[in-house]
Amino acid sequence: MNKVIEIIKKRRSIRSYSEKTIGTAELLKMADAGRYAPTARNDQPWEFVIVKDREKLRRIADITDYGKFISGAAALIGVFSKDTKYYLEDCSAATQNIMLAATSMGIGSCWVAGDKKPYCEELRKLLKVPSKYKLVSLISLGYPKNKKSFRSIAKRPLNGICHFEKF
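Keep in mind it's a predicted model, so treat the numbers as computed, not measured.

Participant: Mind showing me how you'd approach the overall build of the protein here?
Facilitator: Across its full length, the protein carries 5 helices and 4 strands. Put simply, the protein has 167 residues, and 43% of those count as buried. When contacts within the protein are restricted to residue pairs at least 6 apart in sequence, those whose partners lie at least 24 apart make up 77%. Carbon and sulfur atoms make up 54% of the accessible area of the protein, which totals about 9,900 Å². Distance from the positive charge centre (32 side chains) to the negative charge centre (17 side chains) of the protein: 6 Å.

Participant: Looking at this model, I keep getting lost on the packing of aromatic side chains. Mind explaining?
Facilitator: Aromatic ring pairs are defined here through the distance separating the ring centres and the angle between the ring planes. Tallied over the full model, the rule gives 1 aromatic pair. Aromatic side chains Trp46 and Phe48 sit 6.4 Å apart centroid to centroid with 15° between the ring planes, which places their arrangement in the stacked category. Residue placement shows Lys20 over the ring face of Tyr143; its charged tip is 4.2 Å from the ring centre. The ring of Tyr87 has Lys134 lying over it, and the distance from NZ or CZ to the ring centre is 4.3 Å.

Participant: What is the right way to look at the packing of helix H2 (residues 24–35) against helix H4 (residues 87–104) in this model?
Facilitator: Two measures define how a pair of helices packs: the angle their axes make with one another and the distance between the axes. Running from N to C, H2 and H4 point in directions that differ by 140°, and their axes come no closer than 7 Å. The angle between the axes of H2 and H4 places the two elements in the oblique class. Two packed elements cross with a definite hand, and for H2 against H4 that hand is right-handed. Every residue of H4 that contacts H2 at Met30, Ala31, Ala33 and Gly34 is listed here: Ala94, Asn97, Ile98, Ala101 and Ala102. Along the lines of polarity and charge, the residues of the contact of H2 with H4 split into 7 nonpolar, 2 polar and no charged.

Participant: Would you mind showing me how to read the nonpolar core here?
Facilitator: What tends to happen in soluble globular proteins is that the nonpolar side chains get buried as a cluster. Of all hydrophobic cores here, the largest spans 24 residues; its most connected members are Ile60, Ile70, Leu76, Leu123, Leu135 and Leu138. Every element with two or more residues in this core is listed here: helix H3 (54–63), strand S2 (75–82), strand S3 (108–113), helix H5 (120–126) and strand S4 (133–142). Counting residues per element, this core draws most heavily on H3, at 4 residues. Setting aside chain neighbours within four positions, we find Leu135 in contact with Val79, Phe80, Gly114, Asp115, Tyr119, Cys120 and Leu123. Counting 22 residues, the second-largest nonpolar core is a separate cluster that includes Ala37, Met99, Val136 and Leu141.

Participant: Can you help me understand the pattern of salt bridges in this one?
Facilitator: Between side chains of opposite charge, pairing is possible as soon as their charged atoms come close. For the structure on display, the rule yields 8 salt bridges. Of the charged contacts, one joins Lys116 and Asp115 as a salt bridge, the two residues approaching to 2.5 Å between their closest N and O atoms. For Lys116, a relative accessible area of 65% corresponds to the exposed category. The partner of Glu121 in a salt bridge is Arg124, with the nearest N and O atoms 2.4 Å apart. Within this pair, Glu121 and its partner Arg124 are both found in helix H5, separated by 3 residues, close to a single helical turn.

Participant: Before we go on, may I ask you to explain unusual backbone geometry in this structure?
Facilitator: Note: most peptide bonds trans; most residues except glycine with negative phi. A positive phi angle, near 55°, is found at Asn42, a position not held by glycine. The residue Asn42 is located in the loop between H2 and strand S1 (46–51) in this model. With a relative accessible area of 54%, Asn42 lands in the exposed category. Its identity is not glycine, yet Gln44 carries a phi of approximately 45°, on the positive side. By secondary structure assignment, the location of Gln44 is in the loop between H2 and S1. On the accessibility criterion, Gln44 (38% relative accessible area) is partly exposed.

Procedures and definitions
- In this convention, every chain numbers its residues from 1, walking through the sequence in written order.
- A pLDDT threshold of at least 70 governs which residues receive local features in this predicted model, and a stricter bar of 80 or more applies before side-chain atom pairs are shown or counted, although totals over entire chains, interfaces and linings include all residues.
- The basis for the side-chain values is all heavy atoms of the structure; hydrogens and waters are excluded.
- Only DSSP runs of H or I reaching four residues or more are called helices, and only runs of E reaching two or more are called strands; each is numbered from the N terminus.
- Note on exposure labels: buried denotes an accessible area under 20% of the residue type's maximum, exposed denotes more than 50%, and partly exposed covers the range between, all computed with a 1.4 Å probe on protein chains only.
- Should any heavy atoms of two residues lie within 4.5 Å, those residues are counted as being in contact.
- Each accessible area is a Shrake-Rupley estimate made with a 1.4 Å probe; only the visible protein chains count as cover when residues are assessed.
- Here Asp and Glu are counted as negative and Lys and Arg as positive; His is not counted, and neither are the chain ends.
- The atom standing in for a charge is NZ when the residue is Lys, CZ when it is Arg, CG when it is Asp and CD when it is Glu.
- Classification of ring pairs uses Phe, Tyr and Trp, with its six-membered ring standing for Trp, and accepts pairs whose centres are within 6.5 Å; under 30 degrees between planes counts as stacked, over 60 as edge-to-face, and the remaining range as tilted.
- Sitting over a ring, as applied to charges here, requires NZ of Lys or CZ of Arg to be within 6 Å of the ring centre and within 35 degrees of the ring normal.
- Orientation is described by lines fitted to C-alpha atoms, with helices fitted over the stretch in contact, and by angles between N-to-C directions that extend from 0 to 180 degrees.
- An angle below 35 degrees is read as roughly parallel, one above 145 as roughly antiparallel, one from 65 to 115 as roughly perpendicular, and any other as oblique.
- Handedness of a crossing is defined here by the sense of rotation of the near helix relative to the far one, left-handed for an anticlockwise turn of less than a right angle and right-handed for a clockwise turn.
- As a working rule, the residues Ala, Val, Leu, Ile, Met, Phe, Trp, Tyr, Cys and Pro are called nonpolar, Asp, Glu, Lys and Arg charged, and the rest polar, with Gly in that last group.
- Among buried residues, the Ala, Val, Leu, Ile, Met, Phe, Trp, Tyr and Cys ones that are joined through side-chain atoms within 4.5 Å form a nonpolar core.
- Only one rule defines a salt bridge in this text: a Lys or Arg side-chain nitrogen within 4 Å of an Asp or Glu carboxyl oxygen.

This is the structure we're talking about:
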């Protein structure tokens, strides 16, 4: 099977992490994968904020509504964007690329919603991001506690969701 397809099928939302740290080189490889995402008009509106500081991870976890597990992550990448017409599409593609790169390295990730959440402004200030940028996503990162985390799970059958020429 094609390696890319295999990684796509293995990627899962991982919320429970081991104590193992993630090196700066690995974090930069993930961010690099993000910058290669498709982008409308080649705007490349994204900025990535990498957080490894344990106290800052705890503060981020406390600020979010559904991201309390971030406090146990080894790192986090915040995806911020300039306000362009297609910022959400562009930065969502970058987020997915980062998560697929993490999976390829055996690192778990979880996309925590950002855009339009009430905590966006507080996180932007905490991370000292200029006001012209908006939070699109937070990606928690860490080596999974459970070694079986990347197993395949059941998905809806392709013939039940794929339509040709008409619905």
